[in-house]
Every structure is written in C-alpha cells, then in structure tokens.
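Observations on the three-dimensional arrangement
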Amino acid sequence: MMRRGMAGRRGPGVVRTAARTAVIAGTATATSRAVSGRMDDRAMRRQQEQAADDAALDSQAQIDELHSQLEALQAQQVQAAATPPAAPATDLMTQIQQLAQLKEAGMLTDDEFQAAKAKLLAS
C-alpha cells in the first residue's frame, strides 16, 4: 500500500508543480510584455520629442536666415538711397560739352551759352 500512497503523492505533486510553473511563466510573460510596452512607449515619446525639438530648431534656423536676408536687403536700400545716381551727372556733363561745341561752332553767343549752362546747372 505504500506504493499506492507514493504514487498518489507523485501524481498530484507533478500536476501541481506543472500548474504552478504555468502560472509563474504566464505571469512572467505578462510582466515582461508590460515592461517592454512601457519601454517602447517611453522610447516613442522620446523620439517624438526629439523630432519636435529638431523641427523647432529647423524653423528657428529658417527664421534667422530670413532675418539675415531682410537685414541685407534693408542695408542695400539704405545704401541705394544714400548714393546719388551716376547717370544724371554724366548726362549733365555731356550736355554742357555739347553747348560748348555749339558755341565754338559759332551757333551760340557767349551770353546764350552762359544762360543755357546756368539753366542746366539749376535743374
């Protein structure tokens, strides 16, 4: 009878051990998946935050570049406004030279030449 007693103990003991092992394995798997899921969520959040930070930096760099371009254009406008155009001065000299040639050719008197020259200089 002792054999039966031992056989009786072994049967439920093995089943109980197998059941415990299954429960422990299931719990470990669930815990592992939960931890892994949290880690994946954290990693994903970090990537999204990094992408947002990179986009903000890119936007700021573009804004800075536009500011630089605007300042350069404003500087060009100020310089253009301060610099008198060269063409009228050259044109004035050409007109005075033409008047002098007309005077030398005898087509203008000294008084007409002086009056025309004064009119050109006044305008």
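Here the structure is a predicted model, which is why all the values come from computation and not from measurement.

Description of the overall build of the protein chain
Across its full length, the protein chain holds three helices and zero strands. Ordered by position from N to C terminus, the α and β elements of the protein chain give α-α-α. Here the protein chain, with 123 residues, has 4% of them falling under the buried criterion.

A word on the nonpolar core
Membership of the largest hydrophobic core is limited to five residues, which are Ile96, Leu99, Leu108, Phe113 and Leu120. For this core, the elements supplying multiple residues, two or more each, are helix H2 (86–104) and helix H3 (110–122). Setting aside residues up to four positions removed in sequence, Leu108 forms contacts with Leu99, Leu102, Lys103 and Phe113.

Some points on the confidence of the model for the protein chain
Averaged over all residues, the pLDDT of the protein chain is 80; the fraction at 70 or higher stands at 85%. Looking at the elements of the protein chain, mean pLDDT is at its lowest for helix H1 (residues 2–82), recorded as 78, and at its highest for H3, recorded as 90.

How each quantity is defined
- Residues numbered from 1 in each chain as written.
- Predicted model: local features only at pLDDT ≥ 70, side-chain atom pairs only at ≥ 80, totals over all residues.
- Heavy atoms only, no water.
- Helix = DSSP H or I, 4+ residues; strand = E, 2+ residues; numbered from the N terminus.
- Buried < 20%, exposed > 50% of the residue type's maximum accessible area, 1.4 Å probe, protein only.
- Core = buried A, V, L, I, M, F, W, Y, C linked by side-chain atoms within 4.5 Å.
- Contact = heavy atoms within 4.5 Å.
- pLDDT = per-residue confidence, 0-100.

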